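# Residue-level structural notes
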Amino acid sequence: MDTLDTVSRLLRHRHGLAAYCPRCRRWEDLKLGPLIVRGHGDRPLSTLRLRCRDCRTVGELQVRPPLPVFAGASWMAPARAAAQSLGA
Ligand SMILES: [Zn+2]
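I will try to describe carefully the structure that is included in this document. This one's a predicted model, so the numbers in the text were calculated from it and none came from an experiment.

### Considering the overall build of the protein chain
Looking only at helices and strands, the protein chain features three helices and three strands. Going residue by residue from the N terminus, the α and β elements of the protein chain occur as α-β-β-α-β-α. Within the span of the protein chain, comprising 88 residues, buried residues form 8% of the whole. A separation threshold of at least 6 residues defines the contact pool for the protein chain, and within that pool the share at least 24 residues apart is 62%.

This is the structure in structure tokens:
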């Protein structure tokens, strides 16, 4: 398997990329297609410097694996299921 170290490889393996601005304390999911179009597809992620569009601080990048593909998948368990597992 490819290492997931460039934007193109993330897209090929259906991973996402998000950026965190420590100053604004906000996350943004990045669109990989436009990054590739702008010539960043083959750049190592470690050299990619993306600035917050609000405050211009350099964001911290986080690679995000694809969500599971079964229906209703989410990172968070529904509240009802959690209550049932507790016997409520
Ligand atoms: Zn910011």
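### Focus: the sheet that holds strand β2 (residues 26-30)
Pairing is antiparallel in the open sheet, where three strands are placed in the order β2-β1-β3. Sheet topology places β2 and β3 (60-64) at the edges, where each strand pairs with a single neighbour. Neighbouring strand axes in the sheet, compared pairwise and without regard to direction, differ in orientation by 30° on average. Sheet topology note: the strand β1 (residues 16-21)/β2 ladder contains five bridges and is antiparallel. Bridge pairing in β2 places Y20 opposite W27.

### A look at unusual backbone geometry
Residue R25 is not a glycine yet carries a positive backbone phi of 55°. With respect to the helices and strands, the residue R25 is situated in the loop between β1 and β2. In this structure, R56 takes a positive phi of about 70° despite not being glycine. With respect to the helices, strands and loops of the structure, R56 is situated in the loop between α2 (32-40) and β3. Since 9 C-beta atoms lie within 10 Å of it, R56 is described here as exposed.

### Quick word on the environment of W27
Of note, W27 is situated in strand β2. On the neighbour-count criterion, W27 (12 C-beta atoms within 10 Å) is exposed.

Conventions adopted
Residues numbered from 1 in each chain as written. Predicted model: local features only at pLDDT ≥ 70, side-chain atom pairs only at ≥ 80, totals over all residues. Helix = DSSP H or I, 4+ residues; strand = E, 2+ residues; numbered from the N terminus. Buried ≥ 20, exposed ≤ 12 C-beta atoms within 10 Å, placed from the backbone. Contact = placed C-beta atoms within 7 Å. Pairing = 2+ DSSP bridges. Axes fitted to C-alpha atoms, helices over the stretch in contact; angles between N-to-C directions.

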